[in-house]
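Below, each chain spelled out in residue letters.
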Amino acid sequence: MEYPPQFSEERGLALIADIVDWQINHGSLLKQIIPHSSTSSSSQCSPVGVSVFPTLFPRAQFDHARELQPIYNELYCAMAEDEQWIFEAIRDLLPVDPLAAALWGIHKEVKQVGYAQKISVGIFRSDYMLEGPEAEFPLRSGQTLNVALKQVEFNTFSCAGGTHANKTGAMHRYLARTSAYETGSDSTTPVSLEALPRNDNITSLSGCLAAAHQAYGRQRNRAAADTAVLFVVQPNNFNIADERPLEYALWDQDVPAYRVDYPDDFLQYTTLTESRELLFHPPWLGSKCVEVSVAYMRAGYEAYEYDSIGQEARLRIELSLAIKCPSLLAHICTFKKVQCALTAPGALEHFLSPEKAAMIRSTFVSMYSFDD
């Protein structure tokens, strides 16, 4: 048996049509604003790019990635608490990278007053590729992939793709259940349901935000009707189908969740009290407001977002009591320059035990800076 199975053109087109139908019915889409439309709300959507057949990935390496993730979480949480180490890692970036300079400047400004909130929450994404001999496709029966897990990047800020991955995994499981991958030529199943792990990102990611919301506790400000998670998002975002399901899942857990565009609407509809509660005043609630328990950042990762207005908005968030997802220093840890600094001898041992450091280092590839 070959993988992927060989289909006729007619069969392949029918399978693709089924996939597009599935994506439309499950919101696996990207939003596109129609320019020069007669109404400002006009938009159209296109399906997210997905693989027709599940991508081959060795089970041993998949399980190894899951084993590594708690250690990577421990590493980056420890890094985000080490201001001096981060500064040494990005020192050379500050004169030449406007985003790094803006974030570090905001950190220094908040530090002068003092951070009001000691709790922070991280949603991280570790991206890998497989290193090994080049494989020829389609693979023949009995052929194996002798590969090693190598990290491409570690993302600590606005980690996208979780919802899309959840829905794509469910789609492949649906197609396997309906025998859509069967060739009819033999009794061997090209894609078994057992080979497709479940992906529950929507449940786990919303659960993470809900836990942070609970950790914040009851509202402190008497003017607030309730506490709520605030999604801080980019205007006219094409990726709403990756963000919105987390918002809906929070409401299903009785956790209020709202969203606001960064930075203009954020500055217009929020206030920072003298005791540093962050209050959100959505216009549809009239005189009512909610106290922000968690500021979930899905905006603020591009240099152009940090003009004077953007810096003022981010400063208001960082000064507040709201739990940040992620913290400002954790955001800075997503820079490639920081990832490069981790490859230096002894860098990992500064944060981890020798045994854990060795496991993490096994996934590194050579990294080279643009320094002189």
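Quick caveat, the model's predicted, so the values are computed rather than measured.

Tallying secondary structure elements over the protein chain gives 12 helices and 10 strands in all. The C-alpha radius of gyration of the protein chain comes to 23 Å, within 12% of the 21 Å expected for a compact globule of 372 residues. Seen through its C-alpha atoms, the protein chain measures out along the principal axes to roughly 70 × 55 × 40 Å. Counting the 372 residues in the protein chain, one finds 45% classified as buried. Accessible surface computed for the protein chain: about 19300 Å², of which carbon and sulfur atoms make up 52%. Taking the average place of the 30 positive charges on the side chains of the protein chain and the average place of its 45 negative ones, the gap between the two points comes to 6 Å.

A word on the environment of Ile 202. Position of Ile 202 among the secondary structure elements: in helix H6 (residues 201-216). With a relative accessible area of 19%, Ile 202 lands in the buried category. Measuring from C-alpha to C-alpha, the distance between Ile 202 and Ala 165 comes to 9.4 Å, with 37 residues separating the pair along the chain. Look past the residues within four positions of Ile 202 in its chain and what remains in contact with it is Thr 163, Asn 166, Lys 167, Pro 245, Leu 246 and Ala 249.

With 18 residues, helix H1 (residues 9-26) extends 26 Å from end C-alpha to end C-alpha; this agrees with the ideal 26 Å at 1.5 Å per step. When we look at burial in H1, the residues that qualify are Gly 12, Leu 15, Ile 19, Trp 22 and Gln 23. Looking straight down H1, one finds that the buried residues subtend no more than 100° of arc, so they occupy a single side. Residues of H1 that are exposed and point more than 90 degrees away from the buried face comprise Glu 9, Glu 10, Leu 13, Ile 24 and Asn 25. Just past H1, the residue Gly 27 takes up positive phi, approximately 70°.

Here we come to the packing of helix H5 (residues 162-177) against H6. Where H5 meets H6, the axes come as close as 8 Å, and the angle between the chain directions of the two elements is 150°. Put simply, H5 runs roughly antiparallel to H6. Residues Gly 162, Thr 163, Ala 165, Asn 166 and Lys 167 of H5 form the contact with H6, whose own contacting residues are Asn 201, Ile 202 and Leu 205. Per-class residue counts for the contact of H5 with H6 are 3 nonpolar, 4 polar and 1 charged.

A few words now on the packing of aromatic side chains. Throughout the structure, instances matching the rule amount to 16 aromatic pairs. Consider the rings of Trp 85 and Phe 351, whose centres lie 5.2 Å apart with planes at 85°: the pair is edge-to-face. In this pair, Trp 85 sits in helix H3 (residues 83-90) while Phe 351 sits in the loop between helix H11 (336-342) and helix H12 (354-361), placing the two residues 266 residues apart along the sequence. Owing to a relative accessible area of 16%, Trp 85 belongs among the buried residues under this scheme.

A few words now on unusual backbone geometry. Cis rather than trans, the peptide bond between Tyr 262 and Pro 263 has omega equal to 0°. Along the chain, Pro 263 falls in the loop between strand E6 (257-261) and helix H8 (264-269). One non-glycine residue, Ser 179, adopts positive backbone phi at about 60°. Relative to the assigned elements, Ser 179 resides in the loop between H5 and H6.

Conventions we followed
- Residues numbered from 1 in each chain as written.
- Predicted model: local features only at pLDDT ≥ 70, side-chain atom pairs only at ≥ 80, totals over all residues.
- Heavy atoms only, no water.
- Helix = DSSP H or I, 4+ residues; strand = E, 2+ residues; numbered from the N terminus.
- Rg over C-alpha atoms; globule rule 2.2 N^0.38 Å.
- Buried < 20%, exposed > 50% of the residue type's maximum accessible area, 1.4 Å probe, protein only.
- Areas by Shrake-Rupley, 256 points an atom, 1.4 Å probe, with all protein chains shown as cover.
- Lys, Arg positive; Asp, Glu negative; His and termini not counted.
- Charge placed at Lys NZ, Arg CZ, Asp CG, Glu CD.
- Contact = heavy atoms within 4.5 Å.
- Expected span 1.5 Å × (residues − 1).
- Arc of directions from axis to C-beta.
- Axes fitted to C-alpha atoms, helices over the stretch in contact; angles between N-to-C directions.
- Parallel < 35°, antiparallel > 145°, perpendicular 65-115°, else oblique.
- Nonpolar A, V, L, I, M, F, W, Y, C, P; charged D, E, K, R; others polar.
- Phe/Tyr/Trp six-rings, centres within 6.5 Å; stacked < 30°, edge-to-face > 60°.

On their own, these measurements won't tell you what the molecule is for.
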